[in-house]
Amino acid sequence: MNRIKVNRDLCMACLNCVLGCMIEHNEKGKGIYDLDLEDISNEGRNHIGLDKNKCPTPIICRHCEEPECMYTCMSGAMTKDRDTGMVAYDEKKCSSCFMCVMACPYGVLKADAVDRKVVLKCNMCNGREIPRCVENCPTGCLELGEEE
Amino acid sequence: MKMCKSADARLESYIASKNVETSFNRVEHQKIKCGFGQQGVCCRLCSNGPCRITPQSPKGVCGATADTIVGRNFLRAVASGAACYLHVVETTARNLKTVGERKGKIKGESTLDDLASLFEIEENDIHDRAIKVADRVLSDLYKPRNEKMELVEKMAYGPRFDKWKELNILPGGAKSEVFDAVVKTSTNLSSDPIDMLLHSLNLGISTGLYGLTLTNLLNDVMLGEPVIRMAPVGFKVIDEDYINIMITGHQHSVISHLQDRLIDEDIKKLAQGVGAKGFKLVGCTCVGQDLQLRGEHYQEVFSGHAGNNFTSEAIISTGAIDLIVSEFNCTLPGIEPIADEFMVDMICLDDVAKKANSEYINFTMDKDAEISEYIINKGFENYKNRRKKIAIDIPKDHGHDDVITGVSEKSLKAFLGNTWKPLIDLIAKGKIKGVAGVVGCSNLTAMGHDVFTVELTKELIKRDIIVLSAGCSSGGLENVGLMSPKAAEEAGDNLKAVCQALKIPPVLNFGPCLAIGRLEIVATELAEALNIDIPQLPLVLSAPQWLEEQALADGAFGLALGLPLHLAIPPFITGSKVVTETLTNSLKDITGGQLILEEDVKRAADRLEAIVLDRRKALGLEVEVGEIA
């Protein structure tokens, strides 16, 4: 499957990938001017962290081959599609135990900031040809490519 | 090379045919924008930053909110824009003063007399009169902030002056107001978005009355008043048989000596010595628009207006330009490598527009003759050296021969019989539904080069709203034919009939962006004739493809005048609810103006038309049934 690949050396911590993610998941519209940057219900499903050398590092869901989030999910909300490779999350099945959040080796999963009820998880922009974070990356740090 | 679209199809195909990189190509590689920048919520004022506002980090390190950051960024941009236009009027007034002192040629005596009488200057000698007029302008610009400028009350429409006084936004010395706007927006100073918006309006007033209006009028004194006439536009105006000098900038009086000198017999003979027919000035950017506006006085030396700011790169790539003289913006950095490639030397006459590869000559009016000789010699030498080595490729099928130019507040009123009554009657009868100023710059991002401007203008004239234009928007509109009488065909039935009867186009060409000041005189005089205030007029503004900080200062003037102002791209404010709400809504109850942000052509036209219809209704004018929901 196509995965979002990260070339850390190119990350400038501009946060445009995070904005792109917020925009794509914003129910009020899909343009930058539809995004209220003061509304905490707008959250990225990715983030930029600093590594031990203080270098910026995009933290993006890897849709792992061996998805710890799925293995630890007791309600069946996390599933792996073996054809597409995507790890999907069904919030209706979620019991909000957040075992997935604790298990994720990349620290990308988190509970939503408003109600703390659901998990924010990358869905590869739901079939969008180029995920918004990749499209919004000005440096080429994020790329869409076949998994090796 | 990938490139953006242009409303001007022939220009687009010409650029596509050349292997020369221009802004049209580069914009394709700058498509990914920074969302924080777009919303105006990035702050770089201190070393704790840059800080950006996100839902998870709603304040900067210092505690600045989105409202504070946006307010500061906006006021800084308006202050820079105001500074640019104030620089232009300062240069213009200083030049007029020198002309007076050395008893030089006054081409627009009637404007000088009008200004002298407005400023209550009694002086019999024409040159002393010019000196005193210039001095009054300069002394206002140089006042400290706590001394109000004296000409504001004389220049402004009474009801507006009273409103500004009530709002406490009457400007002190214009340059000092800019200075303190910079202070106010520095690190850990003002955090009050409303105070900063009011300061922006204050700067808008000095931009409009001094930077725009007085620059026009002082230039009318020195360079001659606009006269309505027909002229050719587009690349077809470039004649390779001449030594061609392309001028870029906004300070037209800087080249006033040069443009007269170029057609002297000895200079023509000089050119003929190397096989050229003489010298020509090729119009580009606003200085070209202004030469076109005053074309009646420059028929021999001016070849015509070739195109607007983003056309300048392509004009050099025709190979027919021998020298570039710049004195202000819009002198794109992108012209530098093209000028090098085509062996075109660049001379800069004002260091505010110094280009990395240009030769700088510090222009002062007392040295104008000497500087003209230098420029002429440089053009001559360049022509001699480069013409055999450079291929000429001018798209002679680009442009139009029948553009109506020379429209100003005075020439238009004269055309109507020295009264606004015919226009007012046409509006009252609904033959013209209303007036829209589609003004300002050209950019490449609102649907492409001039695309939004042209499409919006077509929508408005289709709805019988007459369009007045000034700025690079004019350059785009005339190059696609909308300023030619034949464009009447594109107007709605009522406006079409008016245009055909008067033999005018539905889009009137006021020339450079500075002439936005002339449009605003028209608005003021219409309001005066009707005995109403400006916000009651069925008149709207749009700067759909605004580009730069100067446009924001112009816009602040429009808002201070109480006019609705549409922009297709938000001016980096939407990250602040206070700033956005104030400018787009509350301002209606403050100055009467309002900012309209709309990225869709039809919806923008709908909103502008709705305002026109509302205003008509409020004035008791006929509104067709069904027009207002």
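S.K.: Describe the overall build of chain B, with residues and values.
M.R.: The helix and strand inventory of chain B stands at 25 helices and 16 strands. Scaling as 2.2 N^0.38, a compact globule of 629 residues should have a C-alpha radius of gyration of about 25 Å, and chain B matches this with 24 Å. Seen through its principal axes, chain B has C-alpha atoms that stretch 65 × 60 × 55 Å. Every one of the 629 residues in chain B was classed for burial, and the buried ones make up 59%. Considering only contacts in chain B between residues 6 or more positions apart, those separated by 24 or more positions represent 75%.

S.K.: Please set out the overall build of chain A residue by residue, giving values where relevant.
M.R.: Secondary structure assignment for chain A yields four helices and eight strands. Walking chain A from its N terminus toward its C terminus, one meets helices and strands in the order β-α-β-β-α-β-β-α-β-β-α-β. Taking 2.2 N^0.38 as the reference for a compact globule, 148 residues should give roughly 15 Å; the C-alpha atoms of chain A span a radius of gyration of 15 Å, in line with that estimate. A burial count over chain A gives 32% of its 148 residues as buried. Considering only residue pairs separated by 6 or more positions, chain A has 59% of its internal contacts joining residues 24 or more positions apart.

S.K.: Could you give an account of the confidence of the model for chain B, with specific residues and numbers?
M.R.: Looking at chain B, the pLDDT average stands at 97 and 99% of residues meet or exceed 70. Per the prediction output, this complex has pTM 0.95; the corresponding ipTM is 0.87.

S.K.: If you had to explain the domain arrangement of chain A to someone new, which residues and values would you point to?
M.R.: Residues and elements named next belong to chain A. Along its sequence, chain A is organised into domain 1 (1-60 + 122-142) and domain 2 (63-120). Here the C-alpha centre of domain 2 lies 18 Å away from the C-alpha centre of domain 1. Counted by class, the side of domain 1 that touches domain 2 contains five nonpolar, three polar and three charged residues.

S.K.: For the domain arrangement of chain B, give the residues involved together with the corresponding values.
M.R.: Residues and elements named next belong to chain B. Here chain B is described as being made up of domain 1 (58-223), domain 2 (235-386) and domain 3 (406-618). The C-alpha centroid of domain 3 is placed 31 Å from the C-alpha centroid of domain 2. Of the residues lining the interface, 14 residues belong to domain 2; the matching set on domain 3 comes to 16 residues. Contributing elements (two or more residues each) for the side of domain 2 that touches domain 3: α13 (285-293) and β6 (302-307). Looking at the side of domain 2 that touches domain 3 element by element, the count peaks at five residues for α13.

S.K.: Talk me through the pairing of strand β2 (residues 47-50) of chain A; I want residue IDs and the actual numbers.
M.R.: Relative to strand β3 (residues 56-59) of chain A, β2(A) is paired through four bridges, and the arrangement is antiparallel. Directly across from A:Leu50, in β3(A), lies its bridge partner A:Pro56.

S.K.: I'd love a proper account of unusual backbone geometry, names of residues and values included.
M.R.: Excluding glycine, residues mostly carry a negative phi; peptide bonds, for their part, are mostly trans. Here the bond from B:Gly49 into B:Pro50 is cis, since omega is -5 degrees, no more than 30 degrees from zero. Cis peptide bonds are those with omega within 30 degrees of zero, and the linkage from B:Asn329 to B:Cys330 qualifies with 5 degrees. Position of B:Cys330 relative to the elements: it lies in the loop between β7 (323-326) and α15 (335-341). Here A:Phe98, not a glycine, exhibits a phi torsion of approximately 60 degrees, which is positive.

S.K.: Can you tell me about the environment of B:Ile465, naming the residues and giving the values?
M.R.: Within the secondary structure, B:Ile465 sits in strand β12 (residues 465-469). Separated by 26 residues in sequence, B:Ile465 and B:Ala491 place their C-alpha atoms 8.5 Å apart.

S.K.: Report on the interface of chain B and chain A, specifying residues and quantitative values.
M.R.: Chain B puts 15 residues into the contact, and the matching count from chain A is 14 residues. In terms of residue count, the dominant contributor to the side of chain B that touches chain A is helix α3 (residues 35-39) of chain B (three residues). Classifying every residue of the side of chain B that touches chain A gives eight nonpolar, six polar and one charged.

S.K.: If you had to explain the environment of A:Ala88 to someone new, which residues and values would you point to?
M.R.: All names here are of chain A. Relative to the helices and strands, Ala88 is located in strand β5 (residues 87-89). Considered as a pair, Ala88 and Ala103 are 15 residues apart in the sequence and their alpha carbons are 16 Å apart. Once you skip the residues sitting within four places of it in the chain, Ala88 turns out to touch Thr79, Asp81 and Asn123.

S.K.: Talk me through the packing of helix α5 (residues 109-118) of chain B against helix α6 (residues 126-141) of chain B; I want residue IDs and the actual numbers.
M.R.: The relative placement of two packed helices comes down to the angle between their axes together with the axis-to-axis distance. All names here are of chain B. Remark: α5 packs on α6, axes separated minimally by 10 Å, with the N-to-C direction vectors making an angle of 55 degrees. When the interaxial angle is binned, α5 and α6 end up oblique. For the crossing formed where α5 meets α6, the hand is left-handed. Touching Glu109, Leu112, Leu115 and Ala116 of α5 are Ile126, Arg129, Ala130 and Val133, all from α6. A class-by-class count of the residues in the contact of α5 with α6 yields six nonpolar, no polar and two charged.

S.K.: Quick one: what's the story with helix α23 (residues 549-561) of chain B, residue by residue and with numbers?
M.R.: In this model, α23(B) (13 residues) spans 19 Å end to end at C-alpha, consistent with the 18 Å of a helix rising 1.5 Å per residue. The element α23(B) is extensively covered by neighbouring structure, given that 13 of its 13 residues are classed as buried.

S.K.: Can you break down the pairing of strand β16 (residues 594-597) of chain B residue by residue, with the values?
M.R.: Residues and elements named next belong to chain B. The sheet contact formed by strand β15 (residues 564-567) and β16 spans four bridges and is parallel. Among the inter-strand pairings, Leu567 is bridged to a residue of β16, identified as Leu597. Since β15 and β16 lie parallel, the crossover through helix α24 (residues 577-584) that links them has a hand, and here it is right-handed.

S.K.: Tell me what's going on with the sheet that holds strand β13 (residues 507-509) of chain B, and back it up with residues and numbers.
M.R.: Residues and elements named next belong to chain B. Pairing is parallel in the open sheet, where six strands are placed in the order β13-β12-β11-β14-β15-β16. One side of each edge strand has no neighbouring strand; the edge strands of this open sheet are β13 and β16. Neighbour to neighbour, the strand axes of the sheet diverge by 25 degrees on average, direction disregarded. Contacts from helix α25 (residues 601-618) reach β11 (434-438), β12, β14 (539-542), β15 and β16, with the element oriented near 160 degrees to β14.

S.K.: Now, about the packing of helix α19 (residues 451-462) of chain B against helix α20 (residues 472-479) of chain B: what can you tell me, with residues and values included?
M.R.: All names here are of chain B. For the pair α19 and α20, interaxial distance at closest approach is 9 Å and the crossing angle is 70 degrees. Considered as vectors, α19 and α20 are oriented roughly perpendicular to each other. In the packing of α19 onto α20, the handedness of the crossing is right-handed. Along its contact with α19, which presents Thr453, Val454 and Thr457, the element α20 presents Ser473, Gly476 and Leu477. Tallied by class, residues from the contact of α19 with α20 come to two nonpolar, four polar and no charged.

S.K.: An account of helix α1 (residues 9-17) of chain B is requested, with residue identities and associated values reported.
M.R.: Residues and elements named next belong to chain B. Among the residues making up α1, those that are buried are Leu11, Tyr14 and Ile15. The arc that holds the buried residues of α1, viewed along the axis, is 95 degrees, so those residues lie on one side. Seen from the open side of α1, the exposed residues pointing more than 90 degrees away from its buried face are Ala9, Ser13, Ala16 and Ser17. Of the surrounding elements, those touching the buried residues of α1 are α2 (23-26), α14 (312-316) and α20.

Parameters at a glance
- Residues numbered from 1 in each chain as written.
- Chains lettered and ligands numbered in written order.
- Predicted model: local features only at pLDDT ≥ 70, side-chain atom pairs only at ≥ 80, totals over all residues.
- Helix = DSSP H or I, 4+ residues; strand = E, 2+ residues; numbered from the N terminus.
- Rg over C-alpha atoms; globule rule 2.2 N^0.38 Å.
- Buried ≥ 20, exposed ≤ 12 C-beta atoms within 10 Å, placed from the backbone.
- Contact = placed C-beta atoms within 7 Å.
- pLDDT = per-residue confidence, 0-100.
- Domains from an automatic or database assignment.
- Nonpolar A, V, L, I, M, F, W, Y, C, P; charged D, E, K, R; others polar.
- Pairing = 2+ DSSP bridges.
- Axes fitted to C-alpha atoms, helices over the stretch in contact; angles between N-to-C directions.
- Parallel < 35°, antiparallel > 145°, perpendicular 65-115°, else oblique.
- Left-handed = near helix turned anticlockwise from the far one by under 90°.
- Expected span 1.5 Å × (residues − 1).
- Right-handed = clockwise from strand over helix to strand, strands pointing away.
- Arc of directions from axis to C-beta.

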